[in-house]
Amino acid sequence: MDYDVLVVGGGVAGLSTAISVKKEAEKKGKEISVALIEKGSAIGSHIVSGNCFMPRYLGELFPDWEKMDNPPPLRTKVAREEFHFLLSEKRKLTMPHFMMPKDLRNEGNYLISLGELCGWLGERAGEHGVDVFSGVAGAELVFGDDGAVAGVTTSDSGRLLDGSEGENFQAGVEIRAAATVLAEGARGSLTETVISRFGLREGAKETPTFGLGVKEVWQMPEQDHESGYLAHSYGWPTDSSTYAGGFLYKMENGLVHLGFVVGLDYQNPFISPYEEFQKWKTHPEIRKHLEGGACLKYGARVLNESGFNGLPKLNFPGGLLVGCSAGLLNVLKIKGAHNAMKSGIQAGQHLASHVLEGESLDEFDRDIKEGPIGQELYESRHFRGGFRAGRAAGLLNAAISTFSRGKLAFSLPHSGKDCDSTQPASAHTPPVYPPKDGVLTFDILENLSRSGTHHAEGQPKHLVIKPAQLSAPQQSLKDFAGIEERFCPAKVYEFVDAPEGKKLQINSQNCIHCKTCSIKSPGEYIDWRVPQGGDGPEYTIL
């Protein structure tokens, strides 16, 4: 299969790219063939996000979006917002709204399901002539004779556990394109390949850092529901050396979207981001919003937290990086979908000129970093690094960073991989996590059932230990008390009894594709590969 442009990933960035390319071609009365592949069974089925959406760039993609017959699913405008410092298991301090920095304010923004927005964008992409293929995973990159990326090969289906071909085997398809756009989201497997192969991080000022967001959606009685209410929190229950915070958004029809994000550079190997989330819900300020309701959905995903200083080069021979593959989330604003959309719009403009006029893609990196996205990220470039020195230093640095808008020459940089931040178990004590009541708090496997996760039985495991690091699990058990059992929000990793002692068991069928294991496993010893297309979680309203 041959196309002018191939987009890998059906999130906001990928879909905006595909639509933008087509619109640019339409303006010039030309035709550009565009394909988009998405590993989820449907567009939006692997999307999990807060999401408080800034419609800043939606008007560039659809100038009349508010008047469309089938408008985008932006139905709940922020009506009231609060920011809480949770001081202990019962105490809190609420920031007066007039003291809230403008970067944290959300007037004019919407509380949405990002997966639902992606579904809507997918429909619009189809209307503009994009060939959208869901349930198709990009497994490997295709390289041309000149060494440039020339497309992807999709994953096989029907292979048996040992890798042999089953009776229903179908080989992956090679899709070639003049330009390939990687829009896989944070820590995409193909993205990591091109970053390594072409040295795209060589000019970055900091090593990338990530957070893990764990989320639930609840149904509440509508009579007591304050639609449009938004709250963020910082502090309890995590220790002062761990960067973390929560969000709670009340949408239409009695839906509450809430979640907790933990920076993966945490030090204590006994921390469980999932358990921190469950514990956070027991605080009176959070609990009161959930009483009388029921949990409907669950999911988790890593997110970029590096900002401007961690950006790689965004163009490579044969293609571009957009959205969270590029690391465009603004951790201070707690938002990234608007930048994902803008990066897709700009990518479409460059791609159309590349295909129709033979122009180079080399200017894309500069245009993003010197344009509105880069300017926004530059202003908050010092924010995240300060929290490496603890909560007090982090808050002081955040205040200085917010005031200086990124202009100060000094900073507290992030250095080293997130897995290198983990300290030996002997230096820490386990946090106390309360037992689950099945009403407010839930066992991890109970919540996993709400994710809709499914992987076809008998296929090769998509989570494997790298050949050069086969002894890493035993070393992890010795040094970090088996951190794998706690960082995973889906109970994929377990140390079980065996004749030779404890051994690591990988329950790949539980995987919700959050990518945490590829970041936080000691020495990054887990190789995260795509399973066959269509497998994984089935997120609907997340």
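Located above this text is the structure these notes cover.
Predicted model, so just to flag it, every value in this text is computed and none were measured. (Residues numbered from 1 in each chain as written. Predicted model: local features only at pLDDT ≥ 70, side-chain atom pairs only at ≥ 80, totals over all residues. Heavy atoms only, no water.)

Undergrad: I keep staring at the sheet that holds strand β15 (residues 229-235) and nothing clicks. Help me out?
TA: On the basis of which strands lie adjacent, the open sheet formed by 7 strands has the order β6-β5-β15-β16-β17-β14-β18 and mixed pairing. This sheet does not close on itself; its edge strands, each paired only once, are β6 (92-94) and β18 (294-304). Neighbour-to-neighbour, the strand axes of the sheet open up by a mean angle of 20°, direction not taken into account. Two elements, β15 and strand β16 (residues 244-250), share 5 bridges in a ladder whose sense is antiparallel. By the bridge assignment for β16, Y234 is matched with G245. Sheet strands in contact with helix α5 (residues 273-280) are β5 (80-86), β14 (210-219), β15, β16, β17 (255-263) and β18, and its direction is about 135° off that of β17. (Pairing = 2+ DSSP bridges. Helix = DSSP H or I, 4+ residues; strand = E, 2+ residues; numbered from the N terminus. Axes fitted to C-alpha atoms, helices over the stretch in contact; angles between N-to-C directions. Contact = heavy atoms within 4.5 Å.)

Undergrad: Would you explain the side chain of T422 in this entry?
TA: Along the polypeptide, T422 turns up in the loop between α11 (391-404) and α12 (444-448). A distance of 2.9 Å separates a polar atom in the side chain of T422 from a polar atom in the side chain of K520. Discounting residues that sit within four places of it in the chain, T422 has contacts with Y266, Q267, P269, F480, I483 and K520. (Polar contact = N/O pair within 3.5 Å; in protein donor to acceptor, adjacent residues only side chain to side chain.)

Undergrad: Where do I start with empty space enclosed by the protein in this structure?
TA: To find leftover empty space, one rolls a probe the size of a water molecule over the atoms. Per the counting criterion, the structure on display carries 3 cavities of 30 Å³ or more. Within this model, the largest cavity holds a volume of roughly 120 Å³. Forming the walls of the largest cavity are 20 residues, and the residues nearest its centre are R201, N304, S325, A326 and G327. At the level of secondary structure, the elements contributing two or more residues to the lining of the largest cavity comprise α4 (189-197) and α7 (323-326). (1 Å grid on protein atoms, 1.4 Å probe; cavity = no way out; pocket = protein on both sides within 12 Å on 5 of 7 lines; lining within 4 Å. Points joined across faces, edges and corners; volume = space filled by probe spheres on them.)

Undergrad: Even after reading the chapter, I still don't get the sheet that holds strand β3 (residues 52-53), so can you show me in this structure?
TA: In a beta sheet, neighbouring strands pair by backbone hydrogen bonds and run either parallel or antiparallel. An order of β3-β7-β4 is seen for the 3 strands of this open sheet, with the pairing classed as antiparallel. Each of the sheet's edge strands pairs with one partner strand only, and the pair in question is β3 and β4 (76-77). Note: β4 against strand β7 (residues 110-111), 2 bridges, orientation antiparallel. Residue pairing across strands places K77 opposite Y110, the latter belonging to β7.

Undergrad: Please clarify how the packing of helix α8 (residues 337-357) against helix α10 (residues 372-379) should be interpreted in this entry.
TA: Packed helices, taken two at a time, are described by the angle their axes make and the gap between the axes. At a closest axis distance of 10 Å, the pairing of α8 and α10 adopts a crossing angle of 150°. The segment α8 lies against α10, with H338, N339, K342, S343 and Q346 engaging P372, I373, E376 and L377. Residue composition of the contact of α8 with α10, grouped by class: 3 nonpolar, 4 polar and 2 charged. (Nonpolar A, V, L, I, M, F, W, Y, C, P; charged D, E, K, R; others polar.)

Undergrad: Explain the pattern of salt bridges to me, please; I cannot follow it from the model alone.
TA: Side chains that differ in sign of charge can pair as their charged atoms come close. Applying the stated rule across the entire model yields 34 salt bridges. Two residues, R124 and E127, come together in a salt bridge whose shortest N-O distance is 2.7 Å. Placement of both R124 and E127 in helix α3 (residues 114-127) is noted, with a separation of 3 residues, approximately one turn of the helix. What makes R124 buried here is its relative accessible area of 5%. We classify E127 as exposed; its relative accessible area is 58%. Through salt bridges with shared partners, one network takes in R187, E192, R201, K417 and E524. (Salt bridge = Lys/Arg side-chain N within 4 Å of Asp/Glu carboxyl O. Buried < 20%, exposed > 50% of the residue type's maximum accessible area, 1.4 Å probe, protein only.)

Undergrad: I'm lost on the packing of helix α1 (residues 12-27) against α3 in this one. Help?
TA: Contact geometry for α1 and α3: axes closest at 10 Å, N-to-C directions at 20°. Relative to α3, the element α1 is oriented roughly parallel. As for how α1 packs across α3, the hand of that crossing is left-handed. The residues of α3 that touch α1, namely those facing V12, L15 and I19, are L114, C118, L121, G122, R124 and A125. Residues belonging to the contact of α1 with α3 are distributed by class as follows: 7 nonpolar, 1 polar and 1 charged. (Parallel < 35°, antiparallel > 145°, perpendicular 65-115°, else oblique. Left-handed = near helix turned anticlockwise from the far one by under 90°.)

Undergrad: Explain the nonpolar core to me, please; I cannot follow it from the model alone.
TA: Most often, soluble globular proteins keep nonpolar side chains buried together rather than apart. F62, L121, M341 and L351 are the most contacted members of the largest nonpolar core, which has 70 residues in total. Apart from residues no more than four positions distant in its own chain, F62 is found in contact with I19, K23, M68, W120, L121, R124 and H128. With 66 residues, the next largest nonpolar core counts Y229, Y274, V302 and I526 among its residues. (Core = buried A, V, L, I, M, F, W, Y, C linked by side-chain atoms within 4.5 Å.)

Undergrad: Help me understand the layout of surface pockets in this model?
TA: Counted as a void, the second largest pocket has a volume near 1200 Å³. Along the walls of the second largest pocket sit 40 residues, with S189, T193, D527, W528 and R529 positioned nearest its centre. Sorting the residues of the lining of the second largest pocket by element identifies β9 (138-143), β10 (149-154), α4, α15 (517-520) and β24 (526-528) as the ones contributing at least two each. In terms of residues, the lining of the second largest pocket owes the most to one element, α4, which gives 6 residues. Here the residues of the lining of the second largest pocket are counted per class, giving 13 nonpolar, 13 polar and 14 charged.

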